[in-house]
Structure formats: structure tokens, C-alpha cells
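Listed below, chain by chain, are the residues.
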Amino acid sequence: MSQALSFHVLGAGLAGTLSAIYLARRDAAVDVYERRADPRTEQGEGGRSINLALANRGRRALAGVGLERDIEALTIPMRGRMLHEVGKAPVLQPYGKDDSEVIYSISRAGLNALLLNQADAHGVGLHFEHRTEAVDVDTGEVLLTDPAGTRVALSGRPIIAADGGGSVVRRTLGRRPGALNSEVLSSHGYKELTIPAGPDGAFRIDPNALHIWPRGGFMMIALPNLDGSFTVTLFMAMNGENSFDELTDADQVSQFFEHWFPSAVPLLPDLLHDFFANPTGELGTVRCAPWHADDKAVLIGDAAHAIVPFHGQGMNCAFEDCFELDRCLFDIEAPSLADRFAEFERRRRPNANAIADMAIENYIEMRESVRDPYFHLKKALAFELERRFPGDFVPRYSMVMFHHIPYAEAQRRGVIQQSILDELLLEHPRELPLGDIDYGHAEALIREQLADAPGLV
């Protein structure tokens, strides 16, 4: 935009802070208001920090503000899933077609601190312990409570609402006639545990993998940390058989882990302490419409589209919001700020809904499908088709994690590609090796069914 802008950003988490940096780099005046204390000086709440997986979408957004080198010191590459099945040796399932396609474990706290320091360096005003009480989306006025308990009113600036899954701005927008505000809690929750580092800070299991203990209706995962430890997360139902409700005392927890995760028990010396000290977290999916109120406010990140963590895309999707909002605000022709907010919503909302669906589907894949020989057969064939027909056939997981193709297009192509794989394997024994595959027929199917797809970038 030609004229200078100024914004109020609600939320100093990952999305709010990155968005503020993008705005400040465009010479906008930005003030960020956060209900929590400054995480750089206050220890965060234990048991709530599901490890983050940084993929290409998030890396591109960070590179857009010059942080591509800074994040290298915070990340550990993970080249695949290390499957731990009962009574079997661990097996690595690569994520991509080669070693260039990896994802990265990153500390939420470390990344948030990096972004806040960068915001400081760009002159962003950071205001902690300011709780948003109410928002008038017709006027753009925000009512907050400051650390002293005094009410503070903000006005005169558009609002970037990055105030998380419980967004006050989204819920206010949702009360407008015809608006949608869907907040669906999952029947499954999570519990965070820790594998401590070994002697001299050594990793006790392979640090370059996301470890997963799939058990059908539930699972446990572990992601590496820079200090040699692993953050472990148990995902399971809140109620019913094999649920958190069943694990109410030390004996029940010990017996459950000895039965289902015997190989992990020696790695979890503080299992009982962590299990009862850390809260049982909730998971949910947020969908809403609209995402903006004229030129007064726009939603980004979890405030617009909180998703379950099973595709490792919550942060990446939020960072892609920041990247796209910057382009919509400053790089397109549009007559007004309201039109730019509307264009941002047009670009992002279908894609946010698509990754929400795929994240839910990926939970089933992680906890159950990875144990099915036919799943591995299809994955091997998908990699072979990608090798033979580069740019025309790319596995859906790769489209989501290693490309920038819109999520909705990845979802659409993924459905078609699954049908192609099933057809090619119709007469094949449901196990590896691949054996005789008619690759001429495969090429014909790909050309016929995926010919209208845009280029994969």
C-alpha cells in the first residue's frame, strides 16, 4: 500500500509476532498486546508445549523476514518416522523421496524468543500481561486490562487478531448474523512426558527421527530437543477403553506403560511424576467465517483455524498466513484495506479447512495405518511414481510438507492419487516388494486424471 499503516496485533505467540515483524519491515507502526508475561523472562506452563515440526511452508515464511539462518541453531532435522512396535526392532519410514525432504524439530520457546527479539529490533511495541476483555468489530475498539488491573482502550488502528484458539475477536465476529464459529473438541487428548538426556547430554535414541509408538486407537510420539532430551506426547481417548480416565493411580499408569510401551519405559525414569504433574491437554479444530470485519480486523493463525497437531502443520499454516497477509496488504492492487483483508481470507480459508481435514486423517495414519503392510506398499509405489514422473505425481504428504502448493489442491490431488495407487495395486499381493507394476498404465492414469493440476512449487 502506498500510505503508511499502523496496526494493533493481539497475541504475541508465534503468528502474532511473525506478523508484527512483517508489518514493521514494511514501515508500519505496530503494537502487540499479549495476556501472558514475557516468555523470555518467565518460565512457561509445563506440560502444554507439544513439540513443533517446522516444514517448508514455515521455513519460507521465516526466510521472508531474514531468519533462515537464525533458525538453523534451533532445529534438529528429522528424516522420517521411527516406528516402535511391541516385540520388534525400530524401523525408520523416510518422510520423503530422499534426504533433502526432512522436517525439523524446533523448540516453541526458543522460536518464540527469537521472534520477539526480532520484533524488538524492528521497533515493534511489545505489551505483556494485557488481557483482551472485549472487541467492537464495528469500530475497531479493543478493551484490555493491563498488569495493574486498569482498563485500557485501544482504537484508531486495524486489528490483527492472533489471539489463539480462544480468540475474543473470532467469538465476537461469530455473533454477527450469518457468521460461523465452530469449535469442535476432539474426543482424544494428550499428556506430555520426557525422555531425559543420557550421560554428557547424549541422545538415548536416534535424534534424527520422529519416534512413534503406534497402538491402533492411541499412540505415543517423541521429538528431539537440543539438550539431548526428547519431548514425549501420549495421545489417547479421554474416556472409555484405553483412555486417560482409566489411568488414575500409579499402579494403573505403570501397568499400562509396561503393557503397551515396554521399550519406552526404561527411557522414562520420571514417568509417574510427569504423568501426574502435567495436565491432560485438550485438542480441537476451529473453523469460522468470516475471517475479517471490513477494514477493522482480520484473523490469523489459531484464532482463525486451530487444528489438531497430527500433520505438524499448525505453526506452518499460521506462518503461511503471515506470508500471505503481507503479500495481500502490500503487493496486490486493491482499492481498500477491507478488500485486502477479504482477498487474504479468500486465499487462506479454503486451505485452512483442507489442512484441518488432513490433520485429522493423519492421526489415523500415525496411530494405525503405519502398521499395515498395504500402507507401506502404497507408499513405496508413490515414491516410485514420483521418481518416474517428477512434477506430475507427488505423494500427498510431500505436497503438504515439502512444497508450497495450496493445501486444498494437495487434498484434491491426494484423493485422485490414492485411487490411482489402488487401481495399480488391484492385482498385487498386499505386501512388499512392489513386483510387476504396469507403469505405462500408471502414466496414462496420471496424464488423464492429474493433467489439470497447477505446477507443484
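Cut-offs applied
- Residues numbered from 1 in each chain as written.
- Predicted model: local features only at pLDDT ≥ 70, side-chain atom pairs only at ≥ 80, totals over all residues.
- Heavy atoms only, no water.
- Helix = DSSP H or I, 4+ residues; strand = E, 2+ residues; numbered from the N terminus.
- Rg over C-alpha atoms; globule rule 2.2 N^0.38 Å.
- Buried < 20%, exposed > 50% of the residue type's maximum accessible area, 1.4 Å probe, protein only.
- Areas by Shrake-Rupley, 256 points an atom, 1.4 Å probe, with all protein chains shown as cover.
- Lys, Arg positive; Asp, Glu negative; His and termini not counted.
- Charge placed at Lys NZ, Arg CZ, Asp CG, Glu CD.
- Salt bridge = Lys/Arg side-chain N within 4 Å of Asp/Glu carboxyl O.
- Core = buried A, V, L, I, M, F, W, Y, C linked by side-chain atoms within 4.5 Å.
- Contact = heavy atoms within 4.5 Å.
- Arc of directions from axis to C-beta.

1. Here's the deal with the overall build of the chain
- The secondary structure content of the chain amounts to 13 helices and 19 strands.
- The C-alpha radius of gyration computed for the chain amounts to 23 Å, which stays within 12% of the reference 23 Å derived for 457 residues, consistent with globular compactness.
- In terms of principal-axis extent, the alpha carbons of the chain reach across some 65 × 60 × 45 Å.
- Looking at the chain as a whole, 53% of its 457 residues are labelled buried.
- Element-wise, carbon and sulfur atoms account for 48% of the exposed surface of the chain, whose accessible area totals about 19,400 Å².
- Treating the 44 positive side-chain charges of the chain as one cloud and the 65 negative ones as another, the clouds have centres 2 Å apart.

2. Observations regarding the pattern of salt bridges
- Scanning all chains against the criterion turns up 30 salt bridges.
- Note that Arg 387 and Glu 384 form a salt bridge whose closest N and O atoms lie 2.7 Å from each other. With Arg 387 and Glu 384 both in helix 10 (residues 373-388) and three residues apart, this pair spans about one turn of that helix.
- Taking the relative accessible area as the measure of exposure, Glu 384 reaches 16% and is therefore buried.

3. Thoughts on the nonpolar core
- Grouped together as the largest cluster of nonpolar side chains are 71 residues, with contacts concentrated most on Leu 18, Leu 23, Leu 62, Leu 111, Leu 115, Val 169 and Phe 319.
- Ignoring sequence-local partners within four residues, the contact set of Leu 62 consists of Leu 18, Leu 54, Leu 67, Glu 68, Ile 71, Leu 111, Leu 115 and Phe 319.
- Core analysis: the second largest hydrophobic core is formed by 36 residues, Ile 212, Phe 310, Phe 375 and Ile 405 among them.

4. What to know about helix 2 (residues 56-63)
- Looking at helix 2, one finds that the buried residues are Arg 57, Gly 58, Ala 61 and Leu 62. Down the axis of helix 2, the buried side of the element spans an arc of 130 degrees, and every buried residue falls inside it.
- Looking at the buried side of helix 2, the elements it contacts are helix 1 (14-25), strand 3 (52-54), helix 3 (108-121), helix 8 (314-330), helix 11 (396-402) and helix 12 (407-424).

5. Quick notes on the side chain of Asn 112
- Here Asn 112 lies in helix 3.
- Given a relative accessible area of 8%, Asn 112 falls into the buried group.
- The contact partners of Asn 112, leaving out residues within four places of it in the chain, are Ala 12, Gly 13, Leu 14, Thr 17, Arg 36 and Pro 39.

6. Section: unusual backbone geometry
- In this structure, the amide linkage connecting Ala 289 to the following residue, Pro 290, adopts the cis form with an omega of 0 degrees.
- Tracing the chain through its elements places Pro 290 in the loop between strand 17 (280-289) and strand 18 (292-293).
- One non-glycine residue, Asp 200, adopts positive backbone phi at about 60 degrees.
- Following the sequence through the fold, Asp 200 ends up in the loop between strand 13 (180-195) and strand 14 (210-214).

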